Amino acid sequence: MQNVKRLWGAIIVLAVCNLVLTSLLITHSMNQTEPSQPTEPEQQGEQKNERVVAKIGDREITIKELHTALERHYGTELLGQLLDREVISLEGTETGTAIGNAEINRELKRMQQGYESEVQFYASMQNQLGLSKQEIQEDVTNKLLLEKLATSHVHITDAQVDEYIKTHADEFKQATEYNILQIIVSTKDQANKVIAELAKGESFATLARDRSLDDATNNTGGDLGWIEGDDPFVAAPVLESAKLLKVGEVSKPVSLPQGFAIVKLKNKREKANPDQGFIRENVRRELALQEAPPLKDYVLQLRNKWKVSIIDPQLR
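- The name given to the protein in an unreviewed UniProt entry is peptidylprolyl isomerase, with Paenibacillus marchantiophytorum as the source organism.
- Comment text from UniProt for the protein, heading Catalytic activity (unreviewed entry), reads "[protein]-peptidylproline (omega=180) = [protein]-peptidylproline (omega=0)".

Given below as structure tokens:
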């Protein structure tokens, strides 16, 4: 039930990258001709007309070379994911299992924890990951359909939900959220120079863009967004430093494994009490997944049921 902002970002990036690579792989397969032995002039003509995607000096990298490399390195994995999505869809159709808008919206709401608003969430996904709202919703729909199918025979009672909430009270208590800015540099001397420039009135956002080594935040002025005090995806020294600051204050250099951080507390707030119905549905879902077979095993069962076979030996 913790902040899932960065975790979901990573998951979505991987999912979309895989879909893009799958598309390239399919395009490559569709464009391949029947096996033949072209003459040398034909080979030269084909290479000359091949679309060039990059150059290194006089060396040209063609789209065919890219497709070949993608198939060699990612073909097996991507084909597997394509098959998994298909058998999940087939099983959903056969059993009459579907994902409604209410379920999609509830999951999106869970993903948006840590963002100030729905608008900011989608803007962040578009700007940082290049994902449209539709692409996010499609990925969420596939994930929810798999979970619903895998847990269709699992029944979680209200008493089980009550017991979980009672025994995990710390997960649901009201928490303080912090809006933190950070600049990461290599040495303490560089950190002190940044602090000196801030004291002279230089913009934190400008210095973060020009000096920070953190590629995830330097283009957004070093802004980590709203995070809870125990967020596992933010360095503990950064969090502990922020907790000691007043709003608007800047920290002394904070030692990190990769260098030093300058931390600014932009704002803080008490996290709003979440909707109890929302909490109970999430708990019920998590408990059902715990009692269901592992999702990988379930997908393997679906592959066997729908008689999936991989013909190409190189992609098995």
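**A word on the packing of aromatic side chains**
Then comes step 1: Applying the stated criterion across every chain yields a total of 1 aromatic pair.
Then comes step 2: Measuring from ring centre to ring centre gives 5.1 Å for Phe121 and Tyr122, while their planes differ by 65 degrees; the resulting arrangement is edge-to-face.
Then comes step 3: Relative accessible area serves as the criterion here: at 12%, Tyr122 is assigned to the buried category.
Then comes step 4: The cationic tip of Lys109 hangs over the ring face of Phe278; the distance from NZ or CZ to the ring centre is 4.6 Å.
Then comes step 5: Positioned above the aromatic ring of Trp226 is the side chain of Arg269, whose terminal nitrogen or guanidinium carbon lies 3.9 Å from the ring centre.

**Comments concerning the sheet that holds strand 6 (residues 259–270)**
Then comes step 1: Across the sheet, which stays open at both edges, the 4 strands sit in the order 4-3-6-5 with antiparallel pairing between neighbours. Only two strands of the sheet have a single partner each, and these edge strands are strand 4 (223–228) and strand 5 (254–256). Direction aside, neighbouring strands of the sheet carry axes that sit 40 degrees apart on average.
Then comes step 2: Against the sheet, helix 9 (residues 204–211) engages strand 3 (176–185) and strand 6, with an angle of about 50 degrees to strand 3.
Then comes step 3: Across the face of the sheet, helix 10 (residues 236–243) comes into contact with strand 3, strand 4, strand 5 and strand 6 while running at roughly 165 degrees to strand 5.

**Side note on the nonpolar core**
Then comes step 1: Core analysis: the biggest nonpolar cluster contains 21 residues, and Ile88, Leu108, Phe121, Ile136 and Val140 have the highest contact counts within it.
Then comes step 2: Taken together, the elements giving at least two residues each to this core come down to helix 3 (63–95), helix 4 (101–111), helix 5 (118–129), helix 6 (133–150) and helix 12 (295–305).
Then comes step 3: For this core, the element with the highest residue contribution is helix 6, accounting for 7 residues.
Then comes step 4: With residues near it in sequence (within four places) discarded, Phe121 still touches Met111, Gln112, Tyr115 and Ile136.

**A few points about unusual backbone geometry**
Then comes step 1: Notably, Lys307 is not glycine yet its phi reads approximately 55 degrees, a positive angle.
Then comes step 2: Secondary-structure assignment places Lys307 in the segment after helix 12.

**Things to note about the environment of Val154**
Then comes step 1: Inspection of the secondary structure puts Val154 in the loop between helix 6 and helix 7 (158–167).
Then comes step 2: Taking the C-alpha atoms as reference points, Val154 and Leu287, separated by 133 residues in sequence, lie 9.3 Å from one another.
Then comes step 3: Residue contacts for Val154: discarding those within four places in its chain leaves Ala288, Glu291 and Ala292.

**Some remarks on the packing of helix 3 against helix 6**
Then comes step 1: With their axes 10 Å apart at the nearest point, helix 3 and helix 6 run at an angle of 60 degrees to one another. Taken together, the axes of helix 3 and helix 6 are oblique relative to one another. Judged by the twist between their axes, the crossing of helix 3 over helix 6 is left-handed. Judged by residue contacts, Arg85, Ile88, Ser89, Glu91, Gly92 and Thr95 of helix 3 engage Asp139, Asn142, Leu145, Leu146 and Leu149 from helix 6.
Then comes step 2: Here the contact of helix 3 with helix 6 is built from residues that sort into 4 nonpolar, 4 polar and 3 charged.

What counts, and at which threshold
- Residues numbered from 1 in each chain as written.
- Predicted model: local features only at pLDDT ≥ 70, side-chain atom pairs only at ≥ 80, totals over all residues.
- Heavy atoms only, no water.
- UniProt positions renumbered as here; feature names shortened; annotations may be inferred.
- Phe/Tyr/Trp six-rings, centres within 6.5 Å; stacked < 30°, edge-to-face > 60°.
- Buried < 20%, exposed > 50% of the residue type's maximum accessible area, 1.4 Å probe, protein only.
- Lys NZ or Arg CZ within 6 Å of the ring centre and 35° of its normal.
- Pairing = 2+ DSSP bridges.
- Helix = DSSP H or I, 4+ residues; strand = E, 2+ residues; numbered from the N terminus.
- Axes fitted to C-alpha atoms, helices over the stretch in contact; angles between N-to-C directions.
- Contact = heavy atoms within 4.5 Å.
- Core = buried A, V, L, I, M, F, W, Y, C linked by side-chain atoms within 4.5 Å.
- Parallel < 35°, antiparallel > 145°, perpendicular 65-115°, else oblique.
- Left-handed = near helix turned anticlockwise from the far one by under 90°.
- Nonpolar A, V, L, I, M, F, W, Y, C, P; charged D, E, K, R; others polar.

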